[in-house]
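Coordinates in review
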Amino acid sequence: MRARTHLCPRGTITDSSVDRAMRAAVLGLILAALGMGVSSPPVRAQMTPNDSAAVLVETAHRLAAEGERDLAVELLRYVLRWYRTTPVAADAAALLDTIDRARVAGGGRTEFVVTNTLIGAWLGVVVPAALGADESPPYGAGLLVGPTAGLLSSLALTRRHGISSGQARAYGFSFTWGSWQALGWREVLDLGENEICFTNGGEFCFEDTTDEAPWVAALVGGLSGMAVGGFLAGRNIPAGDAALVNDAALWGTWFGFVAGVLAGAEHDALLTYGLLGGNGLLLTGIPAARRWRPSVSQVRLVSIAGVAGGLAGLGIDLIAEPDDEKVAVAIPAVGSIVGLVIGAAATLGKGRSDEPAPGGLGAAALFERGSGDRFGVPLPVPVTIPRLNRDGSVGRRPGLGFRLVSIEF
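On a predicted model such as this, the values are computed, not experimentally measured, just so you know.

Comments concerning unusual backbone geometry
Negative phi values dominate among residues other than glycine, just as trans dominates among peptide bonds. Of note in this structure, His267 is not a glycine but carries a positive phi near 55 degrees. Considering the arrangement of structural elements, one finds His267 in the loop between helix H9 (239–262) and helix H10 (268–292). With a relative accessible area of 67%, His267 lands in the exposed category. In this structure, Arg293 is a non-glycine residue whose phi angle is positive, near 50 degrees. Mapped onto the fold, Arg293 is located in the loop between H10 and helix H11 (296–320). The class of Arg293 is partly exposed, set by a relative accessible area of 40%.

Quick look at the pattern of salt bridges
Applying the stated rule across the entire model yields two salt bridges. Where Arg186 meets Glu187, a salt bridge forms, and the shortest distance between an N and an O atom there is 2.8 Å. Given a relative accessible area of 33%, Glu187 falls into the partly exposed group. For Arg293, the salt bridge identified is with Asp241, shortest N-O distance 2.2 Å.

Let's talk about the environment of Trp254
As for its placement among the helices and strands, Trp254 is situated in helix H9. The exposure class assigned to Trp254 is partly exposed, which follows from its relative accessible area of 32%. Put simply, Trp254 and Gly277 are 23 residues apart on the chain and 7.6 Å apart in space, counted from C-alpha to C-alpha. Not counting the four nearest positions on each side in its chain, Trp254 is found in contact with Pro332, Ala333 and Ser336.

Focus on the environment of Thr272
Here Thr272 lies in helix H10. Setting aside its immediate chain neighbours within four residues, Thr272 contacts Trp185 and Val188.

Focus: the nonpolar core
Counting 21 residues, the largest nonpolar core has Val57, Leu76, Val79, Tyr83 and Ile99 as its most contacted members. For this core, the elements supplying multiple residues, two or more each, are helix H2 (49–65), helix H3 (69–82) and helix H4 (88–103). Counting residues in hydrophobic clusters, the runner-up holds seven residues, among them Phe112, Ile119, Ala168 and Phe175.

Describing the confidence of the model for the protein chain
Summing up the model confidence of the protein chain, the mean pLDDT is 76 and the portion of residues at 70 or higher is 66%. Counted against residues more than four places away or in other chains, residues 34–45, with its pLDDT under 50, gives 29 contacts.

As for helix H7 (residues 165–189)
Helix length check: H7, at 25 residues, gives a terminal C-alpha distance of 36 Å against a target of 36 Å (1.5 Å per residue), a fit within 8%. Immediately downstream of H7, the backbone of Asp190 shows phi near 60 degrees, a positive value.

Comments concerning the packing of aromatic side chains
Overall, the coordinates contain four aromatic pairs when judged by the stated rule. Ring centres of Trp122 and Phe175 lie 4.8 Å apart, and the angle between their planes is 85 degrees; on these two criteria the pair is classed as edge-to-face. You can see Trp122 sitting in helix H5 (residues 109–130) and its partner Phe175 sitting in helix H7, a full 53 residues away along the chain. Its relative accessible area of 22% is what places Trp122 among the partly exposed residues. Look at Phe175 and you get buried, because its relative accessible area is 10%.

Some details on the packing of H9 against H10
At their nearest, the axes of H9 and H10 sit 6 Å apart, and the two run at 150 degrees to each other. As for the relative orientation of H9 and H10, their crossing is right-handed in sense. Here the residues of the contact of H9 with H10 sort into 18 nonpolar, eight polar and two charged.

Observations concerning the environment of Arg235
Looking at the secondary structure, you find Arg235 in the loop between helix H8 (212–232) and H9. In this structure Arg235 comes out as partly exposed when scored by relative accessible area, which is 44%. Here the alpha-carbon distance between Arg235 and Ser164, two residues 71 residues apart in the chain, equals 9.6 Å.

Calculation criteria
- Residues numbered from 1 in each chain as written.
- Predicted model: local features only at pLDDT ≥ 70, side-chain atom pairs only at ≥ 80, totals over all residues.
- Heavy atoms only, no water.
- Helix = DSSP H or I, 4+ residues; strand = E, 2+ residues; numbered from the N terminus.
- Buried < 20%, exposed > 50% of the residue type's maximum accessible area, 1.4 Å probe, protein only.
- Salt bridge = Lys/Arg side-chain N within 4 Å of Asp/Glu carboxyl O.
- Contact = heavy atoms within 4.5 Å.
- Core = buried A, V, L, I, M, F, W, Y, C linked by side-chain atoms within 4.5 Å.
- pLDDT = per-residue confidence, 0-100.
- Expected span 1.5 Å × (residues − 1).
- Phe/Tyr/Trp six-rings, centres within 6.5 Å; stacked < 30°, edge-to-face > 60°.
- Axes fitted to C-alpha atoms, helices over the stretch in contact; angles between N-to-C directions.
- Left-handed = near helix turned anticlockwise from the far one by under 90°.
- Nonpolar A, V, L, I, M, F, W, Y, C, P; charged D, E, K, R; others polar.

This is how it looks when you write it as C-alpha cells:
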C-alpha cells in the first residue's frame, strides 16, 4: 500500500494534530478524575476490568504517598469489592494492609493518652485502698502522682512508637474487662473472706470480707488487663475489630444475666451467668471480627439498634406490666436480639461484597435492583470507546465510563 503524504501550509491544523489534541484532552480528564497525575497503563484494543483495577490501585499508591491515606483506603476497598476476581485484587489487598498499618500510626494517640491518664488516677486511689490506707494523705499523693505519671509516660511512649485507634481501644478494653472480671470472680469465689465464729450457748458463724479484698482484686485484674492490652497494642488491630469485640463482651454480659434470671439463679449464681456470658461472646467476637472486618460506625449502628430494641421491650413491660419476673426480663432481651439482628442485616452486610458488579465495568451504579434496591454514587472507571476512523476502520479511544442503572433479572 502506498503511503499518502499531506502537505499543509505553515500555521494550519491537520486532522492528525486534532486527533492528538483530543486524545490528550481525554487522557487528561481520566488522569484528573482518577489520580491527579497517575500514569494509566497502555490502552489495549479492549480495556479489561483488570486494567481498570490496575489504574485504581496505582491511584491509591499515589494518594497514599501524598498523605491521603483515608482516600486511598476507600479506593482500595472499592477495588476489593468490585474487582475481587481480578489478578490486581491481590495487589490491592496487600497495599490496603500496608496502609492500614501505616495510616493509623499515631491515630489512637489521643485515646491512649486519655486512657492512661484515667488509669493513673484509678491507680492513685486503688493502690492506697488495697494497702489498707484509712487516711486522706495517701490518696492525695496517689492522685497527685498517678494521673501525671500516666499522662507523661503515655505521651513519651507514643512520641516514639505510634499506636492505632484499634490498638488503643483494645488496650483500654483489656484494662476495664480485667478489672470487672477480677471483681466479679472474687465475689463468686468468696476470695478474701474470713469465717468468724462465736460460741455463746451454741456456735454462731458468719462470713466477713476484709475491706481491702475488693480493692486488691480490682488492682490485680486491672494490672493483668493492662499487661494483656500492652501485648495487643503491639499487634495490628483494626478499630472496627476492637469495637466489635468490646460490644460483643458487653452484650454477652447482658444476655448472661438474662439467662441467669430465666434459669432462676440468684446472687453469686446470677453473677456467674453474667461473667460467663460476657466471656463467651467476647471469644465469639474475635473470629467474627476477622470474618466481617466491620468499621467502627457499623458496630455502633448494630449496637444502638440492639439498645433500641431493648428499650422497646422495656416500653412493652411498662405498658403490659407483667407479673412474672422472667417474662418482664425476657421481653427486653428479645427486643435486643431483634434489634441486633436488624442492625447487623442493615449494616454489616452492606460494607463488603465478594461479587463483582454485573455488567463488566465493575463500578457501582446510580440505581441497582436485584437482591435489594439501592441508590449509589457511581465512580468513573477507565474504558475504551469505539470510534470510526477517517479510513473507515473502527478504532478505540480512552474515556470514562459510568453505570447509571443495573437491573438483575
